[in-house]
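# Descriptive structure summary
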Amino acid sequence: LPYHISTAILQKLIKLNSFKSAILMFQKEVARKITAKSREDEYGYISALVNAVCDTEYLFDVGKANFEPVPCVDSAVIKIAVKKDKPAPDELENYRKFISYAFAYRRKTLINSLCLALKKDKKTISRVIESFNLPLNIRAEDLDYNTLLSLSKKFLDFIR
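Summarised in this report is the structure supplied together with it.

What counts and what doesn't
- Residues numbered from 1 in each chain as written.
- Predicted model: local features only at pLDDT ≥ 70, side-chain atom pairs only at ≥ 80, totals over all residues.
- Heavy atoms only, no water.
- Pairing = 2+ DSSP bridges.
- Helix = DSSP H or I, 4+ residues; strand = E, 2+ residues; numbered from the N terminus.
- Axes fitted to C-alpha atoms, helices over the stretch in contact; angles between N-to-C directions.
- Parallel < 35°, antiparallel > 145°, perpendicular 65-115°, else oblique.
- Left-handed = near helix turned anticlockwise from the far one by under 90°.
- Contact = heavy atoms within 4.5 Å.
- Nonpolar A, V, L, I, M, F, W, Y, C, P; charged D, E, K, R; others polar.
- Core = buried A, V, L, I, M, F, W, Y, C linked by side-chain atoms within 4.5 Å.
- Buried < 20%, exposed > 50% of the residue type's maximum accessible area, 1.4 Å probe, protein only.
- Salt bridge = Lys/Arg side-chain N within 4 Å of Asp/Glu carboxyl O.
- Patch = residues over 30% accessible without salt bridge, like charges linked within 9 Å, V, L, I, M, F, W, Y side chains within 5 Å.
- Areas by Shrake-Rupley, 256 points an atom, 1.4 Å probe, with all protein chains shown as cover.

### Looking at the pairing of strand β3 (residues 75-82)
Sheet analysis places strand β1 (residues 21-27) next to β3, joined by seven bridges and oriented antiparallel. By the bridge assignment, M25 is partnered in β3 with V77. Bridge count for strand β2 (residues 54-62) against β3 is eight bridges, and the pairing is antiparallel. Residue V62 lies in a different strand from β3, and its bridge partner there is S75.

### Description of the packing of helix α1 (residues 6-13) against helix α3 (residues 45-53)
If you want to describe how two helices pack, look at the angle between their axes and the distance between the axes. Two elements in contact, α1 and α3, have axes whose closest approach is 10 Å; the angle formed by their N-to-C orientations is 25°. When the axes of α1 and α3 are compared, the pair comes out roughly parallel. As for how α1 packs across α3, the hand of that crossing is left-handed. Between α1 and α3, the contacting residues are T7, L10 and Q11 on the first element and Y45, I46, L49 and V50 on the second. Grouping the amino acids of the contact of α1 with α3 by side-chain chemistry returns five nonpolar, two polar and no charged.

### Section: the sheet that holds β3
Taken in spatial order, the three strands make up an open sheet running β1-β3-β2, and their pairing is antiparallel. Edge strands, defined here as strands with exactly one partner in the open sheet, are β1 and β2. Ignoring strand direction, the axes of neighbouring strands in this sheet form an average angle of 25°.

### A few points about the nonpolar core
I80, Y95, L110, L114, L148 and F155 are the most contacted members of the largest nonpolar core, which has 43 residues in total. Of all the elements in the fold, those that place two or more residues in this core are β1, α2 (28-35), α3, β3, α4 (89-102), α5 (110-118), α6 (122-130) and α7 (145-154). By residue number, the principal contributor to this core is α3, which donates six residues. Among all residues touching L114, those that are not within four sequence positions of it are F98, Y101, A102, K119, I125, I129 and F155.

### Section: the packing of α4 against α5
Close contact between α4 and α5 brings their axes to 8 Å; oriented N to C, the two are set at 110°. By the angle between their axes, α4 is roughly perpendicular relative to α5. Where α4 approaches α5, its residues F98, Y101 and A102 are matched on the opposing element by L110, S113, L114, A117 and L118. Of the residues that constitute the contact of α4 with α5, the class distribution is seven nonpolar, one polar and no charged.

### Regarding the pattern of salt bridges
Under the counting rule described, the total for this entry stands at five salt bridges. Where R96 meets E93, a salt bridge forms, and the shortest distance between an N and an O atom there is 2.7 Å. Taken as a pair, R96 and E93 lie in helix α4 at a separation of three residues, close to a single helical turn. For R96, a relative accessible area of 23% gives the class partly exposed. Take E93: its relative accessible area is 26%, and that puts it in the partly exposed class.

### Some thoughts on a nonpolar patch on the surface
Among the surface-exposed residues, I23, L59 and F60 lie close enough to one another that they form a single nonpolar patch of about 290 Å² accessible area. Among the secondary structure elements, F60 is positioned in strand β2.

### Some remarks on the environment of L149
Mapped onto the secondary structure, L149 falls in helix α7. What makes L149 buried here is its relative accessible area of 13%.

### Here we look at unusual backbone geometry
The omega torsion across E68 and P69 is 0°, close enough to zero to call that bond cis. Considering the arrangement of structural elements, one finds P69 in the loop between β2 and β3. Although it is not a glycine, R39 adopts a positive phi angle of roughly 75°. Positive phi values are uncommon outside glycine, yet K119 reaches one of about 55°.

Remember that the coordinates give geometry; whether it matters functionally is a separate question.
This is the structure we're talking about:
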């Protein structure tokens, strides 16, 4: 994929009903982000989005010396395959919006990110997070896509 638009292409690809699986090459850093799991350094918005829809597998590195002309970055090949129980299109769109808010302020707690992005008070946001028995100092990158998906459903009224 063209590296400068690879994540945009991937986001469109996973929305297609006809898409089942692919083996794709990305810039190495992007491939690591796509395949990252919660609590890994590279985990973020794109990881949470893709992993809600697809199983991902980091296959192998492709060094920059394998290209002519030699680029400035290394590459990596990953495999993505759509899950049988992927979210419905409207559910996925709400989830996408929610995680964009959750990861908007990466170094902040989930409560602070959501308060800033949704323009809601901490008390309201805290109540929802506490209903999941999550600590109030948790960050979005500490949560797997299943938990984020469940949270997105609870925040549905705030997202619209």
